[in-house]
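Structural features, examined
Residues per chain, in single letters:
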Amino acid sequence: MSSSGSPIAPRPLALVTGPTAGLGRVFVDRLARRGYDLVLVARDEARLKSVADELTTTYAVSCEVLVADLVDREQLKAVEDRVSSLGSPARPPVDLLVNNAGFGLKRKFLSNTVEEEQAHLDVLVTAPMRLMHAALRQMTERHSGGILNVSSVAGTQPRGSYSAAKAYLNRLGEWAAHEYAKDGVHIMTLLPGFTRTEFHQRMDVGRDAVPGPLWLDVERVVDEALADFDAGKRLSIPTKRYKVIAHASKHLPVSVLQRFQSLGRR
Ligand SMILES: NC(=O)c1ccc[n+]([C@@H]2O[C@H](COP(=O)([O-])OP(=O)(O)OC[C@H]3O[C@@H](n4cnc5c(N)ncnc54)[C@H](OP(=O)(O)O)[C@@H]3O)[C@@H](O)[C@H]2O)c1
């Protein structure tokens, strides 16, 4: 009860995958600032707990830590169960799902083992698809909720298996946003361009692999994305530069686009 005697509305709850670095770390900061409680999902438990402590101390929100490698089907199932839950007093339902975790492979398709490619596909496609499915079950039943899929401008271009995986997420999100709007669920796909995070560090790619003007600031990407989400948009492409690139990519021949495929790689 509040001091005036009226019941205190529960805080909304967001589940974010990959919240310990890069875009995910800024998403959880901004969501906590807006008063969201959080479920944090990634592999590194110590890092997750440290993010949870920081958010709890700074914003007085509550954080649930869910350690999961999204490649592992059993661990992914535990996340799906959390997302699909209709809620209980101890475990409220997830109001916003942010499918953000991802990584890029260091080498090109045939230089990777097929298992490496499979793990990549599991994180970039299988996990967000299954978590969307789980979220939509409870959100359509409650007639309320939101899903924000972090895809990539690469999904508009032929740039190997990474862009193919992101193209899947783009199309699924585009369709689902129309399909489930009538059920009270808002779905937005975010297409960042090259953004300064740990993503390229983990791929051992230096900043010089991409021309300076193409690098985006991570806070700007997230702030624009959340502003677009608030405005009810179904697609968010931060910055004019990348809006133009995404548009041009739909119309340029593959032979031209392939000339740029080594950008952001070693
Ligand atoms: N940075 C860019 O230039 C760029 C551009 C376009 C799109 N994106 C997309 O943006 C999203 C976020 O990328 P980022 O740049 O912020 O990357 P990042 O800084 O490397 O952060 C990746 C996050 O994902 C988690 N993660 C990675 N593999 C995981 C797994 N198997 N299971 C669970 N969690 C896992 C990491 O935590 P743990 O390692 O602890 O698991 C970390 O929290 C990705 O989907 C990426 O494809 C990035």
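Residues numbered from 1 in each chain as written. Predicted model: local features only at pLDDT ≥ 70, side-chain atom pairs only at ≥ 80, totals over all residues. Heavy atoms only, no water.

Here the focus is the sheet that holds strand β7 (residues 235-236). Across a sheet, paired strands are connected by hydrogen bonds in the backbone, their directions being either parallel or antiparallel. Here we have seven strands laid out as an open sheet, ordered β3-β2-β1-β4-β5-β6-β7, and parallel in their pairing. A single partner strand is all that each edge strand has here, and the edge strands are β3 (63-67) and β7. Taken together, the six bridges between strand β5 (residues 145-150) and strand β6 (residues 185-190) define a ladder with parallel strand orientation. Paired with Ile147 across the strands is Ile187, a residue of β6. Sitting on the sheet, helix α2 (residues 45-59) touches β2 (37-42) and β3, and the angle it makes with β3 is about 170°. (Pairing = 2+ DSSP bridges. Helix = DSSP H or I, 4+ residues; strand = E, 2+ residues; numbered from the N terminus. Contact = heavy atoms within 4.5 Å. Axes fitted to C-alpha atoms, helices over the stretch in contact; angles between N-to-C directions.)

Time to look at unusual backbone geometry. Positive phi, close to 55°, is recorded for Ala60, a residue that is not glycine. With respect to the helices and strands, the residue Ala60 is situated in the loop between α2 and β3. With a phi close to 60°, Asp204 is a non-glycine residue in the positive phi region. The residue Asp204 is located in the loop between α6 (199-202) and α7 (218-230) in this model.

Before going further, it helps to spend a moment on the packing of helix α3 (residues 73-84) against helix α4 (residues 114-142). Put simply, α3 and α4 touch, their axes get as near as 8 Å, and they point 25° apart. Considered as vectors, α3 and α4 are oriented roughly parallel to each other. In this structure, the crossing between α3 and α4 has a hand that is right-handed. Across from Arg73, Leu76, Val79, Glu80, Val83 and Ser84 in α3, the residues of α4 making contact are Thr126, Ala127, Arg130, Leu131, Ala134, Ala135 and Gln138. Residue classes in the contact of α3 with α4 are distributed as seven nonpolar, three polar and three charged. (Parallel < 35°, antiparallel > 145°, perpendicular 65-115°, else oblique. Left-handed = near helix turned anticlockwise from the far one by under 90°. Nonpolar A, V, L, I, M, F, W, Y, C, P; charged D, E, K, R; others polar.)

Ranked by internal contacts, the top residues of the largest apolar core, which has 39 residues, are Phe27, Leu31, Leu38, Leu40, Leu55, Val98 and Leu148. If we ignore the near neighbours within four places in the chain, the residues touching Leu38 are Leu13, Ala14, Val16, Val28, Leu31, Ala32, Leu55, Ser62, Cys63 and Glu64. With 26 residues, the next largest nonpolar core counts Val83, Val123, Ala127 and Ile187 among its residues. (Core = buried A, V, L, I, M, F, W, Y, C linked by side-chain atoms within 4.5 Å. Buried < 20%, exposed > 50% of the residue type's maximum accessible area, 1.4 Å probe, protein only.)

Looking now at the packing of aromatic side chains. Counting across every chain of the model gives three aromatic pairs. Measuring from centroid to centroid gives 5.7 Å for Trp175 and Tyr180, while their planes differ by 85°, and the two rings are edge-to-face. Residue class for Trp175 comes out partly exposed when judged on its relative accessible area of 45%. (Phe/Tyr/Trp six-rings, centres within 6.5 Å; stacked < 30°, edge-to-face > 60°.)

The contact between α4 and helix α5 (residues 160-179) brings their axes to 10 Å, and the two run at 10°. Comparing their axes, α5 and α4 come out roughly parallel. For the pair formed by α4 and α5, the contact residues are Glu117, His120, Leu124, Val125, Pro128, Met129 and Met132 on the first element and Ser161, Tyr162, Ala165, Lys166, Tyr168, Leu169, Leu172 and Ala176 on the second. Counted by class, the contact of α4 with α5 contains 11 nonpolar, two polar and two charged residues.

Close to the ligand lie 31 residues; Thr20, Arg43, Asn100, Tyr162 and Thr197 are nearest. Within the contact set of the ligand, a nitrogen atom lies 3.0 Å away from a side-chain nitrogen or oxygen of Asp69. Note that an oxygen atom of the ligand is positioned 3.3 Å from one of the backbone N or O atoms of Phe199. Taken by itself the ligand offers 890 Å² of open surface, and the protein chains cover 97% of this. Taken together, the elements giving at least two residues each to the shell around the ligand come down to α1 (22-33), α5 and α6. By residue number, the principal contributor to the shell around the ligand is α6, which donates three residues. Across the shell around the ligand, the residue classes break down as 14 nonpolar, 11 polar and six charged. (Near = heavy atom within 4 Å. Polar contact = N/O pair within 3.5 Å; in protein donor to acceptor, adjacent residues only side chain to side chain. Areas by Shrake-Rupley, 256 points an atom, 1.4 Å probe, with all protein chains shown as cover.)

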